[in-house]
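Residues per chain are reported as follows:
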Amino acid sequence: MSSSDLLAPGSAAFWIRIGLAVLCGGAIGLERQLRGKVAGIRTSVLICLGTSMFVTLGAALAGEHADPTRVLGQVVTGIGFLGAGVILAREGRILGVTTAAVIWILAAVGALIGSGYAAAALLITLLTLGVLVGVERLEAFWARRRGHRVSRELEGIEIPDRTDMG
């Protein structure tokens, strides 16, 4: 099968990649949405699907004067920008770092799908869900044993006021 067949809506490979991106992005997004995070199902599916399509398109355009790794590099840069946009500093605390990391992982899963590594994409999706759910349970267990909550915030960081940056 040629790489251009992967972008033909009449081919099964096209729909398998789309379905896999929606499934993986949706599973991770559901976990985030159930926790009330800003990047929920829609955002997660779109990141995974978009990355998958860009990487597939990069591979389809590969030729003598084209390099699909450049497309992947640009996706990584764009995702970094998107992830940085969800990180907030408020009252001496840094918020959104896990959401930014999830956005990073969603792009990686999409890139795996776009590159044809479906099994790896499914495995990374399951591993990500395990970390998101399992580590929180481990933290809660540890907090009960120690008698206090495990802080996931960075306290004591001085965030300069915009008026101080004059």
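1. Topic: a nonpolar patch on the surface
On the surface, Leu30, Leu34 and Ile41 cluster together to form a nonpolar patch covering roughly 280 Å² of accessible area. Considering the arrangement of structural elements, one finds Leu34 in helix H1 (residues 12–34). On the basis of relative accessibility, which here comes to 68%, the residue Leu34 falls in the exposed class.

2. Side note on the pattern of salt bridges
Tallied over the full model, the rule gives three salt bridges. Among the ionic pairs, Arg32 bridges to Glu31, the shortest N-O distance being 2.8 Å. By relative accessible area, Arg32 is classed as buried at 5%. Across the pair Arg35 and Glu136 runs a salt bridge, and its minimum N-O distance is 2.1 Å. Taken together, the positions of Arg35 in the loop between H1 and helix H2 (41–61) and Glu136 in helix H5 (residues 118–146) put the pair 101 residues apart, joining distant regions of the chain. One salt-bridge network, held together by shared partners, links Glu31, Arg32, Arg35 and Glu136.

3. Examining H5
Taking 1.5 Å per residue, 29 residues should reach 42 Å; H5 reaches 41 Å between its end C-alpha atoms and fits that length. Of all the positions in H5, only Ala121, Thr125, Thr128, Leu132 and Ala143 are classed as buried. Buried residues in H5 make contact with H1 and helix H4 (97–114).

4. With respect to the packing of H1 against H5
Two elements in contact, H1 and H5, have axes whose closest approach is 10 Å; the angle formed by their N-to-C orientations is 5°. On the basis of the axis angle, H1 is roughly parallel to H5. Here Leu20, Leu23, Cys24, Ala27, Ile28, Glu31 and Arg32 of H1 lie close against H5, whose contacting residues are Ala118, Ala121, Leu122, Thr125, Thr128, Leu129, Leu132 and Val133. Its residues placed into classes, the contact of H1 with H5 shows 11 nonpolar, two polar and two charged.

Cut-offs applied
Residues numbered from 1 in each chain as written. Predicted model: local features only at pLDDT ≥ 70, side-chain atom pairs only at ≥ 80, totals over all residues. Heavy atoms only, no water. Patch = residues over 30% accessible without salt bridge, like charges linked within 9 Å, V, L, I, M, F, W, Y side chains within 5 Å. Areas by Shrake-Rupley, 256 points an atom, 1.4 Å probe, with all protein chains shown as cover. Salt bridge = Lys/Arg side-chain N within 4 Å of Asp/Glu carboxyl O. Helix = DSSP H or I, 4+ residues; strand = E, 2+ residues; numbered from the N terminus. Buried < 20%, exposed > 50% of the residue type's maximum accessible area, 1.4 Å probe, protein only. Expected span 1.5 Å × (residues − 1). Contact = heavy atoms within 4.5 Å. Axes fitted to C-alpha atoms, helices over the stretch in contact; angles between N-to-C directions. Parallel < 35°, antiparallel > 145°, perpendicular 65-115°, else oblique. Nonpolar A, V, L, I, M, F, W, Y, C, P; charged D, E, K, R; others polar.

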